[in-house]
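# Reading the structure
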Amino acid sequence: MTDKSLLIEEIIINSVKKLLSGPVNELLGEMEYPIPPVEFGSYRGGSVVVPAIALSTCERSEKERIIRLDAYSLIITFTVPEHPSDQRSVGERNCYAYASSVAAVLRENPTLGGMASRAVLMGKKYAPPKHPGTGEGWELVLTLRITVEGDGYGN
């Protein structure tokens with residue numbers, strides 16, 4: 001299932017990256033208008049989107065403590081370029097497409113490929129550019145809550 005030498009935090013982040021660069025990109029490719037795919041690396045420009053991923057532990061319920069579930073909060077931040085030449089904001093539309101694709105993939109695969117007990121999309125935040133028309137991008141912030149059974153290390 002997973003490499004036992006990795007810490008659970010690394011496993012969670014790698015699973016989310018695999019989800020974004022695999023099934024999410026497949027859904028984006030099926031859309032009627034072109035959407036830049038999700039990639040990881042040192043890409044610049046508008047041909048791909050490179051989201052930032054931040055992971056932290058979060059408070060567990062009493063039930064989660066009793067049955068030994070660890071809870072994590074994972075924030076995925078997409079910075080999507082604005083395209084001022086279009087009447088309707090392409091950046092805004094692309095944010096909605098990324099959010100919709102991530103939500104659909106999580107509904108189909110709530111265990112992140114068997115790594116987690118459950119991953120749930122808890123929130124979506126869409127932020128327009130602070131100064132429209134200047135080339136700043138739209139921002140999409142997705143918040144996931146991930147629970148993992150056991151002590152999280154060497155599961």
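The coordinates are above.
The text that follows walks through the structure, step by step, so that each part is easy to find.

Definitions and cut-offs
Residues numbered from 1 in each chain as written. Predicted model: local features only at pLDDT ≥ 70, side-chain atom pairs only at ≥ 80, totals over all residues. Heavy atoms only, no water. Core = buried A, V, L, I, M, F, W, Y, C linked by side-chain atoms within 4.5 Å. Buried < 20%, exposed > 50% of the residue type's maximum accessible area, 1.4 Å probe, protein only. Helix = DSSP H or I, 4+ residues; strand = E, 2+ residues; numbered from the N terminus. Contact = heavy atoms within 4.5 Å. Pairing = 2+ DSSP bridges. Axes fitted to C-alpha atoms, helices over the stretch in contact; angles between N-to-C directions. Phe/Tyr/Trp six-rings, centres within 6.5 Å; stacked < 30°, edge-to-face > 60°. Lys NZ or Arg CZ within 6 Å of the ring centre and 35° of its normal.

## Brief notes about the nonpolar core
Core analysis: the largest hydrophobic core is formed by 33 residues, its most contacted members being Phe-78, Tyr-98, Leu-112 and Ile-146. Among the elements of the structure, α1 (8-29), β2 (69-80), α3 (90-108) and β4 (138-149) are those that each provide at least two residues to this core. Counting residues per element, this core draws most heavily on α1, at 8 residues. Apart from residues no more than four positions distant in its own chain, Tyr-98 is found in contact with Leu-28, Ile-35, Pro-36, Val-38, Val-49, Phe-78, Val-80 and Leu-140.

## Observations regarding the sheet that holds strand β3 (residues 118-127)
The 4 strands are arranged β1-β2-β4-β3 in an open sheet whose pairing can be described as antiparallel. The open sheet terminates on both sides in strands that have one partner only, identified here as β1 (52-57) and β3. The average angle at which neighbouring strand axes cross in this sheet is 20 degrees, direction not considered. Summarising the sheet, β3 and β4 pair through 9 bridges and their orientation is antiparallel. Counted as the bridge partner of Tyr-126 is Leu-140 from β4. Of the strands in this sheet, β1, β2 and β4 touch α1, which is tilted by about 40 degrees from β2.

## Focus: the environment of Pro-132
As for its position among the elements, Pro-132 is in the loop between β3 and β4. A C-alpha to C-alpha distance of 8.1 Å links Pro-132 and Glu-82, two positions 50 residues apart in sequence.

## A few points about the packing of aromatic side chains
One pass over the structure, following the stated rule, counts 2 aromatic pairs. When the ring of Phe-78 is compared with that of Tyr-98, the centres are 5.0 Å apart and the planes differ by 15 degrees; the resulting orientation is stacked. A residue pair is termed long-range when its members are at least 10 positions apart, and Phe-78 in strand β2 and Tyr-98 in helix α3 qualify at 20 residues. Classification of Phe-78 as buried rests on a relative accessible area of 0%. The residue whose ring lies beneath Arg-93 is Tyr-33, and the NZ or CZ to ring-centre distance is 3.8 Å.

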